[in-house]
Amino acid sequence: MPDLIAKPALGAAPLTVAGTTLSENGATRITAIAPYPGSHAALARGLKPLGLGFPGPNQFTENGDVRLAWSGRDQAFLIGGEAPADLPAALTDQSDAWVSLHLAGPQARAVLARCVPLDLRAASRGQSLRSALNHMPLMLMVEAPDSYTLMTFRSMARTAWAELHEALIKVEARLALT
């Protein structure tokens with residue numbers, strides 16, 4: 001049997017334009033957690049060893065490098081950690097299905113305004129939002145007002161990178177006019 005090696009979807013070097021950096025987060029474990037009906041109290045006890053609580057809609061909780069991010073109705077993604085085996089929930093490994101990008105810098109919000117149909121002016125740390133990156137499904141996590149984690153399907157990694165790169169270039173060109 002072949003040995004499979006986890007590797008990044010792109011392997012691209014970070015790109016900085018207009019003081020804003022686009023980079024690929026390394027490959028990490030992602031597990032979808034969908035609690036069984038009526039199991040929220042038991043789920044809370046099961047997540048306690050990780051130091052996490054199940055997030056409410058549009059939120060994420062974290063403990064160190066491990067994050068539990070809301071990803072839809074009654075579902076969250078455990079990112080960077082291993083799910084306890086006895087959780088009263090359906091667990092699905094999503095590690096090879098998603099690419100995670102990071103966009104940070106003074107023009108990050110302006111770049112996202114060109115590609116994402118959300119008004120991020122009032123967004124705050126700890127939010128996990130489902131939307132679209134142009135035509136691609138997107139899970140966006142707000143790290144800070146100028147720092148975001150963007151997750152889309154791994155099969156769309158190159159397209160997402162290219163579209164964010166193009167938006168960076170356009171924002172830089174607009175800054176040059178002022």
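As a reminder, the structure under discussion sits directly above these lines.
Draft legend 1. Molecular detail of the environment of threonine 92. Along the chain, threonine 92 turns up in strand E7 (residues 89-93). In this structure threonine 92 comes out as partly exposed when scored by relative accessible area, which is 38%. Placed 60 residues apart in sequence, threonine 92 and alanine 32 show a C-alpha to C-alpha distance of 5.0 Å. Residues within four places of threonine 92 in sequence aside, it is in contact with Ile30, Thr31 and Ala32.

Draft legend 2. Focus on helix H1 (residues 40-47). The set of residues buried in H1 consists of Leu43, Gly46 and Leu47. On an axial view of H1, the arc spanned by its buried residues comes to 95 degrees, and they lie on one face. Exposed and facing more than 90 degrees away from the buried side of H1 are Ala41 and Arg45. Among the structural elements, strand E3 (30-35), strand E5 (66-72) and E7 are those in contact with the buried residues of H1.

Draft legend 3. Quick look at the sheet that holds strand E8 (residues 98-104). With antiparallel pairing, six strands are arranged side by side in an open sheet as E1-E2-E8-E11-E10-E9. The open sheet has two edge strands with one neighbour each: strand E1 (15-17) and strand E9 (128-133). The mean inter-strand angle of the sheet, taken between neighbouring strand axes irrespective of direction, is 25 degrees. Sheet topology note: the E8/strand E11 (residues 147-153) ladder contains seven bridges and is antiparallel. Following the sheet pairing, leucine 101 is matched in E11 by leucine 150. Strands E1, strand E2 (20-24), E8, E9, strand E10 (136-144) and E11 of the sheet are contacted by helix H3 (residues 157-177), whose axis makes an angle of about 175 degrees with E2.

Draft legend 4. How the structure looks around empty space enclosed by the protein. Here the structure, examined in full by the defined rule, presents one cavity of 30 Å³ or more. In this structure, the largest cavity spans a volume of roughly 90 Å³. Together, 14 residues line the largest cavity, and Gly26, Ala27, Trp98, Val99 and Ser100 are the ones closest to its centre. At three residues, the largest contribution of residues to the lining of the largest cavity is made by E8.

Draft legend 5. The pattern of salt bridges, seen in detail. All told, the structure shown has six salt bridges when counted by the stated rule. Its salt-bridge partner being arginine 125, residue glutamate 143 comes within 3.4 Å of it at the nearest N-O pair. Linking glutamate 143 in strand E10 with arginine 125 in the loop between helix H2 (108-115) and E9, this pair joins segments that are 18 residues apart in sequence. Overall, glutamate 143 belongs to the buried group, its relative accessible area being 16%. The partner of lysine 170 in a salt bridge is glutamate 166, and the shortest N-O contact between them spans 2.8 Å. Of the two residues, lysine 170 and glutamate 166 are both situated in helix H3; the distance of four residues between them amounts to about one turn of the helix. Classification of glutamate 166 as partly exposed rests on a relative accessible area of 42%. Overlapping salt bridges, with partners in common, bring together Glu62, Arg67, Arg125 and Glu143 in one network.

Analysis parameters
For every chain, the first residue of its written sequence is number 1, and the numbers climb from 1 along that sequence. Note on the predicted model: pLDDT of at least 70 is required for a residue's local features to be given, and 80 or more for side-chain atom pairs to be given and counted; whole-chain, interface and lining totals, by contrast, use all residues. Working from all heavy atoms in the structure, the side-chain values ignore hydrogens and water. Helix numbers and strand numbers start at the N terminus; a helix is a DSSP run of H or I with at least 4 residues, a strand a run of E with at least 2. For every residue, the accessible area obtained with a 1.4 Å probe (protein chains only) is divided by the maximum for its type, and the residue is called buried under 20%, exposed over 50%, and partly exposed between those limits. The contact criterion used throughout is that any non-hydrogen atoms of two residues lie within 4.5 Å. Along the arc lie the directions from the helix axis toward the C-beta atoms. Whether two strands pair depends on DSSP finding at least two bridges between them. To obtain an axis, a line is fitted to C-alpha atoms, over the contacting stretch when the element is a helix, and the angle between two such axes runs from 0 to 180 degrees between their N-to-C directions. A cavity here means a set of points on a 1 Å grid, drawn over the protein atoms and nothing else, where a 1.4 Å probe fits but cannot get out; a pocket is an open set with protein on both sides within 12 Å along at least five of seven lines, and a residue lines either one if it has an atom within 4 Å of a point. Grid points are joined across faces, edges and corners, and a volume is the space filled by probe spheres set on the points. Each reported salt bridge corresponds to a side-chain nitrogen of Lys or Arg within 4 Å of a carboxyl oxygen of Asp or Glu.

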